[in-house]
Each structure stands twice: as C-alpha cells, then as structure tokens.
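For reference, the chains in residue letters:
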Amino acid sequence: MRIVVAEDSAILRQGLAELLGLRGHEVVAAVKNADDLRVAVREHAPDVSIVDIRMPPTHTDEGLRAAIELRAERPGCAILMFSQYVETTYAKELLAGEAGAVGYLLKDRVAEVSDFLTALERVAAGETVLDPEVVRQLFATTGRSGPLAELTPREREVLGMMAQGRSNSAIAAEAHLSAGSVEKYVTSIFGKLGLPPSEGHNRRVLAVLRYLDS
C-alpha cells in the first residue's frame, strides 16, 4: 500500500514509517502537521493515511478536521485516525455517511503490531474499523434519542459489537448467543434503522453510521 503518515511526534512518525516499510508498504509522505497532510494527500492520493488528531499549532483537533475536509473532497478517501484521545464531536462527523474506508484506533489500546496492520488493511479496503472504547464514548454522548431509542438493550449490545467490525459468529461467541439469535438481532436492527437490503451498500457499516449521524 501507498501510505501517508501524519504525526507530530518525530519518534512515532519515523517509527511508523520504518515499520510500514519493513512490512512491504511505501510511505509516500511522513508529515508533522495538518496543512502538510492536506498537501500530501492531494499530491500522492495514497491508498490510506494514518492521522493523529492533535497536531500543531493548537494540538487540539487539527488532524481530525483535516481528515473530514479531505473526505469531503474525496469520498472514500481512506483514513485511519490513530490517537490517544476520543474526540466525540468531530469524530461523529468523520464517521457519518456511507463511504466507509475510515478507522479510529487508540494508541494505548493497540496491543499487537499485527492488529494495527490488519486494521490499516481493512480501512484501505473500504471497511470501517473502530476501537471499542471509541464506540462506547460515541454511544454515550449521543444518548438515547433518535434511532437508537427504538433498540432493545441486547440490540444495542449487538450494534456495539458490529461497530467493532465483528462478524455474526464472533458476536455469538462473545455474547453467548446462537448464530440464529444474532442473525435475528441484526435483522431487527436493520429494520428499526430503516436499512433495507441493498447491493450497493454495506448495511452493517450503515447501521453504525446511521446511529452516529443521529
């Protein structure tokens, strides 16, 4: 893959570039601020970008806002947010929509390099990948209004695991449910969120994004 890395920490920026290079990927640009990120993505059109949220000059949400801007320009532009923080306001805007190819991982919660690389490949392939803690905080800030209000507690639990990218079989194992029960819950979630079958969209991703967009 051709990758842009946007990280203000020189050590982490160089470490990511070297790691990705050793795994056979090409880091086409490694930048330290949001303005350079915009230039790099527009110039190189990478397969995926790894972006920190807090970057110069204010170290608040520059990286996240730049990611939203780039995805507005290029729907489907693959971006993996990689941060120590959950920024809920702009994160909902980043995740809202139907394009996919977006992820949000927390640096302190990535236990294995292989997990990070797998998430990166999934985002580049068009999937949505969210850390469970990101999902929890986004759900907490949205509250019980909107489409989620119609879901049962068990359906909310299943939806949360769907947001983490888990398959029905993985959900069944963790929630101690049969495969048939999980399928019924997923079907019910789709119905309550107004997501009919469609060949052009991934309903699992849309179910999560429809809630976050509420």
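Residues numbered from 1 in each chain as written. Predicted model: local features only at pLDDT ≥ 70, side-chain atom pairs only at ≥ 80, totals over all residues. Heavy atoms only, no water.

Chemist: Is there a simple way to think about the pattern of salt bridges in this case?
Modeler: One pass over the full model with this rule turns up 12 salt bridges. Arg 42 is paired through a salt bridge with Glu 69; the nearest N and O atoms lie 2.8 Å apart. Of this pair, Arg 42 sits in helix α2 (residues 34–44) while Glu 69 sits in helix α3 (residues 62–73), and the two are 27 residues apart along the sequence. Assessed through its relative accessible area of 35%, Arg 42 is described here as partly exposed. The partner of Glu 155 in a salt bridge is Lys 192, with the nearest N and O atoms 2.9 Å apart. (Salt bridge = Lys/Arg side-chain N within 4 Å of Asp/Glu carboxyl O. Helix = DSSP H or I, 4+ residues; strand = E, 2+ residues; numbered from the N terminus. Buried < 20%, exposed > 50% of the residue type's maximum accessible area, 1.4 Å probe, protein only.)

Chemist: In this structure, what is going on with the pairing of strand β2 (residues 26–31)? I would like to understand it.
Modeler: Looking along a regular strand, one sees side chains alternate from face to face of the sheet. Bridge count for strand β1 (residues 2–6) against β2 is 5 bridges, and the pairing is parallel. The residue bridging Arg 2 from the neighbouring strand is Glu 26, located in β2. For the crossover that starts at β1, traverses helix α1 (residues 10–22) and ends in the parallel β2, the hand is right-handed. (Pairing = 2+ DSSP bridges. Right-handed = clockwise from strand over helix to strand, strands pointing away.)

Chemist: What is the right way to look at the UniProt feature "modified residue: 4-aspartylphosphate" (unreviewed entry) in the protein in this model?
Modeler: The positions that UniProt labels "modified residue: 4-aspartylphosphate" (unreviewed entry) are, in the present scheme, Asp 52. Looking at where Asp 52 falls in the secondary structure, it is placed in the loop between β3 (48–51) and α3. Beyond its immediate sequence surroundings of up to four residues, Asp 52 is in contact with Ala 6, Glu 7, Asp 8, Gly 63, Leu 64, Met 81, Phe 82, Ser 83 and Lys 107. (UniProt positions renumbered as here; feature names shortened; annotations may be inferred. Contact = heavy atoms within 4.5 Å.)

Chemist: Just to check I follow, could you spell out the sheet that holds β3 for this structure?
Modeler: Backbone-to-backbone hydrogen bonds join strands into a sheet, with any given pair of strands oriented parallel or antiparallel. The 6 strands are arranged β2-β1-β3-β4-β5-β6 in an open sheet whose pairing can be described as parallel. Both outer strands of the open sheet, β2 and β6 (128–130), are each paired with one neighbouring strand and no more. Across the sheet, the mean angle from the axis of one strand to that of its neighbour is 15°, orientation sign disregarded. Note: strand β5 (residues 102–106) against β6, 3 bridges, orientation parallel. Opposite Tyr 104, over in β6, you have Leu 130 as the bridge partner. In the packing of α3 onto the sheet, the strands contacted are β3, β4 (79–83) and β5, and the crossing angle to β4 comes to about 175°. Helix α4 (residues 88–95) rests against β4, β5 and β6 of the sheet, and its axis sits at about 150° to β5. (Axes fitted to C-alpha atoms, helices over the stretch in contact; angles between N-to-C directions.)

Chemist: Is there a simple way to explain the packing of aromatic side chains in this structure?
Modeler: Each aromatic ring pair is characterised by the separation of its centres together with the angle its planes make. The tally for this structure, following the rule as stated, stands at 1 aromatic pair. In this arrangement the basic side chain of Arg 54 is found over the ring face of Tyr 85, its NZ or CZ atom lying 3.5 Å from the centre. (Phe/Tyr/Trp six-rings, centres within 6.5 Å; stacked < 30°, edge-to-face > 60°. Lys NZ or Arg CZ within 6 Å of the ring centre and 35° of its normal.)

Chemist: What is the right way to look at the nonpolar core in this model?
Modeler: The tendency in soluble globular proteins is for nonpolar side chains to be buried side by side. With 51 residues, the main nonpolar core has Leu 37, Met 81, Tyr 104, Leu 159, Met 162, Ile 189 and Ala 207 as its most contacted residues. When residues of this core are sorted by domain, at least three fall in each of domain 1 (2–142) and domain 2 (147–213). Listed in part, the 17 residues of the second largest apolar core include Ile 3, Val 48, Phe 82 and Val 129. (Core = buried A, V, L, I, M, F, W, Y, C linked by side-chain atoms within 4.5 Å. Domains from an automatic or database assignment.)

Chemist: Sorry, what's going on with the packing of helix α7 (residues 153–163) against helix α9 (residues 179–192) here?
Modeler: Geometry of a packed helix pair, given as the angle between the helix axes and the separation of the axes. Where α7 contacts α9, the axes come no closer than 10 Å and their chain directions differ by 95°. One finds that α7 runs roughly perpendicular with respect to α9. Within the contact between the two elements, α7 uses Arg 154, Glu 155, Val 158, Leu 159 and Met 162 and α9 uses Tyr 185, Val 186, Ser 188, Ile 189, Phe 190 and Lys 192. Taken together, the residues of the contact of α7 with α9 sort by class into 7 nonpolar, 1 polar and 3 charged. (Parallel < 35°, antiparallel > 145°, perpendicular 65-115°, else oblique. Nonpolar A, V, L, I, M, F, W, Y, C, P; charged D, E, K, R; others polar.)

Chemist: Whenever I open this one, the environment of Gly 126 confuses me. Can you help?
Modeler: When you line up the elements, Gly 126 lands in the loop between α5 (113–124) and β6. Residue class for Gly 126 comes out partly exposed when judged on its relative accessible area of 33%.

Chemist: Whenever I open this one, the environment of Val 129 confuses me. Can you help?
Modeler: Among the structural elements, Val 129 can be located in strand β6. You can call Val 129 buried: its relative accessible area is 6%. Along the backbone, Val 129 and Leu 105 are 24 residues apart, and their C-alpha atoms lie at a distance of 7.9 Å. Beyond its immediate stretch of four places on either side in the chain, Val 129 contacts Val 102, Gly 103, Tyr 104, Leu 105, Ala 119, Arg 122 and Val 123.

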